[in-house]
Structures are given as structure tokens and as C-alpha cells.
Amino acid sequence: MRGFAAVFGREVSEWWKSLAVASLALGVLAAALPAFMDRPEFPVAELRSAMSLLFAFLLSAALALLLGGTVVSSDLSEKRLGFYFARPLPGWALWAGKMTAAAALACGGGFLVLVPSLLLGSGPGLRGDLETVFPVRMGDLGWVPLLGIGVLYLLLAAHAVSVILRARSPWIGLDIAALGCIAALFVMARERLILAGLTGASPVLATDFGLLLLVLPILFTAGAVQVLHGRTDIRRGHRFLSGTLWGLLLVLMLVFEVSSRWIVNASPGDLVATFHVSAPREGSWIALSGPARGRLGYQPSFLYDVSTGRFTRPRFGLSYYQGPTLPVAFSADGRRAVWMEFQDRPFRSPLVVRYQDLDRPDGEPVRTNILFESPLPEILAVSPDGARFATIHKRRILVTEVETGRLLASVPEPLDIPFSRLFFVGPDRVRLYVSTGVQDMNSVVSELRVFEVNVPAATVEPTGLVSSLPGYRGWSLSPAGDRAILRSRKELRLHDARTGELLASLNGGGRSFASFLRDGRVAASRPTPEGMELRILASDGRTELQRFRFPGSRRLAIANQPAADRLRIVTASTLDKPRDWEIRLLDLRTGGVRSVGRRAMTVLDIQGTIEDRGGVVWFDWEAGQERAILEDL
Amino acid sequence: MDPIVLEGLTVRYGERAALDDVSLTVPEGSVCALLGRNGAGKSSLVRCLLGQQKPTSGRALLFGRDAWDRRAEVLHEVGVVPEEPDAPRSMTARQLSRFCARLYRSWDGKGLEERLRRFGVSSSTPFGRLSKGQKAQVALALALASSPRLLVLDDPTLGLDAVARKDLFEELIGELADRGITVLITTHDLAGAERIADRVGILRRGRLVLDEEMESLRKRFRTMSFAAVGGGESRVSTLTLEEIFIAATDEGKG
């Protein structure tokens, strides 16, 4: 330590007087300058402190570059380092002593700049708009460690560059090549994360900052190895510096590269929760997205075949935030999934339409030539056969062939109102439902206006209106698109989906539930004094065909219809949440009910169910059993 | 233990050998002059000896310890006068003394001041403003202030005028007489070296072509002189160190 202290003291004593004078002069200038600035909106004291901080930062940065580029390397190139190496002075003490002194001088010079302002009385810093330009405030000491890190960074980087340049060795070619390789590796790995959706967000910034922090010890180590092994020979030192610097940076970048690959190669089993799950009425594929375990908050999305475990990685989850209301749309037969995803960088590139044929054993996402520039489309619907899709873009309803990108129809959007929904009711008909008078998504809708697009004729015309439904909670369309069930807080109604005409009141209230069966019949539950009952109604919603009683149940919902004559229903004996649902299989022919287990669930209207914990459970109707496919999310 | 032992010391710069399998032992108390033409490998040898350069093969031992691996430790006992005075230009001799005092186990600051007074060198003048001779004198004073057991002088008189050379050697001779320090000196000042050296080594193209005690060398070359005279008048004609050096390093005649 005596050697370190001696070198440190010598370096400081060599520089401190001239630096102190220069720093204080700069500080006086910074303190005086606001008096001549015509910025009456800022108190002079605030401007003074802001100017002082700015000058302090600039001086510290300049000193770090100057000292980093000279304290060791100029001695080395001028053959003066031999003075130290001819003494009983360890190499580490020489390196650390000189660099620590340089860092102290650079930081100290910056702090001295602040002295005149502090003596004159300074304000906290800039406010208002200018604070965003120069957000550092005198009273917040959070910038002190950042200044220290910045000074060290510039100091060590300047030393490395200085040695490389002063050595005048042919190795500089390798330095440039190595820098290029490492920069390329960094950009590739970073771009991979950004393309995967870790975009503009704190994970990427944290990664950048973390890498910058890791580069600091690498720069320090490279300089130390250069001094310890190169000693007075600048060319030999250059070789050691370059070898260490690029070697360690290469290792760091390879780790970053491997990590980034690992992050984006998350599988469905890595999900710790699900933000979105959807599935077609048919088939064994589901779409899901959510955060993955230990991956910097990466939120992958998957198309996942629950029967085989096969999955692909579409990026529909990204477009979900700013793009279509539906992140992925399935054809009615479940054989095709269509979605939009960003072509390149999320939120900075157009949305491109992609699809995957789910019935092909080797099916992979296919990119179409259909692009949507900003503003991004808000909605996506797919025809029953999956061959066409419809969307609303720039106030026009567009119907396009998925595979060819051929535009089949483009009609103006009749109303510029959000919360629209599109449905194909045949290959050539697209229905548009526009909710008007919406207060918010879950409360009141005053009316639901219905329009229909005639694709061959490229026309759009109003076809109906559903009048006010207080306490609106949602609605669902029948498989054929001819009727709709509207749910409110107190009522269930069956409407003609085209004209909006009221067909029947399904009765019920808050605890009632209704759903269309595959053949168009309606299954509706309602409370009774003994519990709940489930009625199977004809398609007109009035004629009761069957009735099943579930005494002791307080809730009853229809999960799905795994076969024509079977319903999977869930019941709960309490109104409390989370509910412990009992899953039952109801045979519509015999009326037989078989319990297949209990689960806490949140999503019910797909063949699978989502547990409260976020796990995905699939109902294998052939085996008649629940199967957990993603657990412990 | 011998202060200096070189074992098969080899230094290569690419294909070129600056030192080629040099082995040399300098016993305690002796003054060894290492001679050689420019580029013979003297400076490479000194750098290896001071642990500033790693040999390609072989090793340099100072007091039995490897100079590369244990440089900082062994240099406590070594004073160094470099070929080019390399002290920081802004530091005065007094500041240099204070700096060095923190590095060595023992430091004779007063002796250094006294020596500089004898030299007529100001202790308060920045090193960069001193003349070349004064710089060499300061370097010698610094080297002696740690009371070293070994003094390594790398061409200390290079570029000095005759008076400065004389002063430096006289100081050295006085110091040697007082303390009996082991000395390794590389120099082109053969007359000066002849005054103090009791052992001579000559490097030629990186190889040590001669390593012999001065007395033995003088006798050997006196004999050769007789043989050359032959049957003529009997005269004792001893070659000077310069003539021996030229004979040993003259590449044209081998």
C-alpha cells in the first residue's frame, strides 16, 4: 500500500494546483453566466446551479479523457515508466495509484466547479421543460455515483485507446477487427431482444447499463495486465492490453449472445403467468402469451398444440398492446390461425399479417405480403375457412385474402367509434358491431349498431340496432352468426344478430349464464330456490327442450361442448371468489352428470380452462378427463 | 550469494535475437563492465536484469531471486542509473527523494542532498530543467541513496561531456571504495570503465563472447603482444581495454 499511496500522492501533487485554479475559474464563470442570460422564467440561483452542474460534468469528462490518455500511456511512450519500474514498486500499485489519482482529480475538479455556486447560494436545479433536457439537481445526490462511473469509464477507455494508438503497432488492425466483431455481436444480441419485444423498456436499458458496468472491470483488468506484463515495453503492453480487453469482451458478448438466445427461446413451460389465452372451438391448438421465468420480463407468445406439445413462436403478443383487439384469430374449423405482428422493431415498423396452418404437422408461421403502416389496425377477424381476414385501418373496413394479400373489399367505416367488433358471417359477409354511448368497457352501452359488408359488391350498409341495455356486460355471437346473446347485470337476451330484433328474454339475472351450442340451440342457466338449473332451449330461445337441476349449486356456467351430446359445465357452491369450481360432464341424451374434478378457474369458454393461478388445463373429451398442460405458472 | 546470475538468457524480437543464450555471474563486490557495440543487446540485458522485460527463455537472478517474478522485492537492494534519465520532469530532486523514500526500506535523504551539493545540483530545480550531466548526477544520487548492495548503471555517461563523465566516475569510485558495492555497468566509455572494472564482459550480436577478470584479460593480451613482436626487441606492450574491445567485436576480422 505504501507504493500505491506514493504513486497516488505524486500524481495528485503534480496536477492539483493547476486543476484547482482552472476548476474554480470555471466555477466562477458558471456562477456569473446566469446574470447575463435572458431567462426571466428561471430564478438566477437555479440557473446558476444548473450551469455549475453542467460545467462540472463537462470538466470531469474532459479531465477523465485527458488524464486517462496520458498518466500511464504518455510515460510509456516517452520511455519514462522505467523510472517506476526501476524501484521496488509493484506494478499493481503503479497502475491503481495512477488511475485512482486520475479519477480523484477528474471528480475533484468537477466538484470544485460547484464551489462558487454553493457559496453564492444555489437553487435546486432547472424546473419545467428544461428539466427534461438537464434533469440533474444540485440537491439530489443520485448523480454522484453516476458521475463516478462515467469518469471511470472515460478514464479507462481513454487509457486503452491511448495505448493502442501510441504503440503504433500492426496489432491495431486486429484491434479494429476485434472491436467490429464485438460491436456486431452486441448489436445482434441486443437486436434479438428488441425484436422479441424487450423493447424500449427497462429490461433492455438495464441490460445495456449492466453491460456497461461489466465493461468497467474489463477495462481496468486490461490496463492492469498491460502494466503488469508489458511493463516498460509499450508494444508488448499493447498486446497484453488488447488480448485481455478483446478476450474478456468477447467472452462477455458471447455470454450476452447465449443469454439472449436463451431468453427468446422460452417455451410454454417457461411461462409464469398468462396474459392471454384463446382457442378455436375446434382443434387442439391454443394461443397464449405471458411473462417467462427469469427472462428479464420477456413476454413470449405461443401457438401451442396441447395434444402433441408442439409449439411455434408467433409474436402476436406484441401487437396486442397497440394493435388489434384480438391478438390472434382462428378460423371456425380451428385449422388456421391468423395474426398481425411487427415486421421488425416493435412499435417502429409496420404490422405484417402472418398465418399458420394448424392442421399441418410441420406447419410454421407464414409471412404474407400484407403490411399495415401506422396507425395500426385495431381489429382482426378471420373467415370461417381462414382464407380471408377483415380489419379496420385508417377508417376503412378492409377484406383481404390471407395467402395472396389480394384486397377483396375496401369500404369506409360507417362510424368512427371505438369498441367495434368484426365477424365473418359467411365468406362474403362481414358484420360490424359498433357500441355507441359506451361509458367504459364494463358498464353501460346505450345501443349496439349493426352494419354488414357485402364483399363482392364492396358495400357497407346498416342492418339493425340493439337498443339500450343497462348494466351491459358483454355479448356473444352464435356459430352461424344469426343470433347474439347479450348479457347485462340483470338480464340475458337473445337478439337477431343482423337486425338487432329482440327474439327472447332468457330470463335469469346476475347469476345466470347462457351460451350457444354447436347446433344453434341455447343453453341457459338460472338460479332456483334449491340451487341452479340448466335449460336447453330451441334456437328461438323460447321453447324449452330439456332441463337439468343442480341442487346446492350457487353458480353454473358452460365451459364448452366437447361433443355434440356432451357439455362440460362448471358449478360452484359459493358466491365467494376465487371459486372452487366443480367440473362436470353432462350427457345431454341421458341427463347423466359425472364429476371430473375441482379447480379454481378464470376462463371458461374454451376447451381448456385457465386456473386462477394462471395454469392451463385442457379437457380431453375422449378420455373424459381434465389434463393440466401448463402447471405452476 | 552472487548478486547477478544470468542463466541462458535469450531475448527475441520476432526472428531477431537481441540476446542469445547469455550466461553470466557477477560475484559480490566486483565491478563488471559490460561492453558491446550499439545493438549488441546490452540494454535488453539490463531490462531483463531489472525485471522490466521478460526473457524469451532463460532467467535473470538478482541475489538468487527471479528478476521478472520478484522484481519489486529484489529492487530494494538495487540502485539503478538508466541510460536516459527518466524521472518525471516536473519533480525536483527533493521531491524525487521524498517519493523514493516511501518506496525503499531505507533511504538516506541527507546523504542524497549532500551528494547533490557536491555535484553542485540544485535540489529545488525541476528535473526537466536540469542539464544532461546534472540529470545523470541526480540519477546516481537517487540510486545510491537506498544504500544498495548492487548498482546497475546502463550507459550512465552517454551524451555527457568529459567533465561530467569524470565527475560521475570519481563519485562512483569513491562510493565503491567506501561501501564495496557490486556494480554492473554498461558503457561506451571504455577508459572510464577500465578505471573501475575488475571484470569485463563483451556482447556481440547478442552473444557473450568474453567474460573475464580484468587482470587476467590484461595478462592474456600482454602475452599475445609478445608473440606478435616475435624475435624483435623485447618490449611489454599491453593492449588497452579499447583495443581489446575492438579486437573482440570487430566483425570484419572475427
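Look above for the structure.
Here is a short report on the structure shown in this document. (Residues numbered from 1 in each chain as written. Chains lettered and ligands numbered in written order. Predicted model: local features only at pLDDT ≥ 70, side-chain atom pairs only at ≥ 80, totals over all residues.)

## Digging into the nonpolar core
A general feature of soluble globular proteins is that nonpolar side chains tend to end up buried together. Core analysis: the biggest nonpolar cluster contains 144 residues, and A:Ala106, A:Leu155, B:Leu49 and B:Val152 have the highest contact counts within it. Sort the elements by how many residues they give to this core and helix H5 (residues 91-120) of chain A lands first, with 13 residues. If sequence neighbours within four positions are ignored, A:Leu155 has contacts with A:Ala64, A:Leu67, A:Gly68, A:Met99, A:Ala102, A:Ala103 and A:Ala106. The next biggest cluster of nonpolar side chains, apart from the first, holds 83 residues, and it includes A:Trp339, A:Phe342, A:Ala524 and A:Leu586. (Core = buried A, V, L, I, M, F, W, Y, C linked by C-beta atoms within 7 Å. Buried ≥ 20, exposed ≤ 12 C-beta atoms within 10 Å, placed from the backbone. Helix = DSSP H or I, 4+ residues; strand = E, 2+ residues; numbered from the N terminus. Contact = placed C-beta atoms within 7 Å.)

## Overview of the environment of A:Leu67
Positionally, A:Leu67 belongs in helix H2 (residues 44-68). Once the C-alpha coordinates of A:Leu67 and A:Leu154 are considered, the two residues, 87 residues apart in sequence, prove to be 9.6 Å apart.

## Quick look at the packing of helix H1 (residues 2-32) of chain A against H5(A)
Residue and element names in this part refer to chain A. Look at H1 against H5: their axes get within 7 Å of each other, and the N-to-C directions meet at 25°. Between H1 and H5, the crossing angle belongs to the class labelled roughly parallel. Our pair here, H1 against H5, has a crossing hand that is right-handed. The residue inventory of the contact of H1 with H5, partitioned by class, reads 26 nonpolar, seven polar and two charged. (Axes fitted to C-alpha atoms, helices over the stretch in contact; angles between N-to-C directions. Parallel < 35°, antiparallel > 145°, perpendicular 65-115°, else oblique. Left-handed = near helix turned anticlockwise from the far one by under 90°. Nonpolar A, V, L, I, M, F, W, Y, C, P; charged D, E, K, R; others polar.)

## Regarding the sheet that holds strand E8 (residues 366-372) of chain A
Residues and elements named next belong to chain A. Taken in spatial order, the four strands make up an open sheet running E5-E6-E7-E8, and their pairing is antiparallel. Two strands bound the open sheet, and with one partner strand each, they are strand E5 (328-330) and E8. When the angles between neighbouring strand axes are averaged without regard to direction, this sheet yields 25°. In this sheet, strand E7 (residues 351-357) lies alongside strand E6 (residues 336-342) in antiparallel orientation, the contact comprising seven bridges. Among the inter-strand pairings, Trp339 is bridged to a residue of E7, identified as Arg354. (Pairing = 2+ DSSP bridges.)

## Here's the deal with unusual backbone geometry
Residue and element names in this part refer to chain B. Although it is not a glycine, Phe63 sits at a positive phi angle of roughly 50°. Tracing the backbone through its elements, the reader meets Phe63 in the loop between strand E4 (57-62) and strand E5 (65-66). Residue Phe63 is classed as buried on the basis of its 20 C-beta neighbours within 10 Å. Non-glycine residue Ser147 carries a positive phi angle of around 50°. Structurally, Ser147 is set in the loop between helix H5 (132-145) and strand E7 (150-154).

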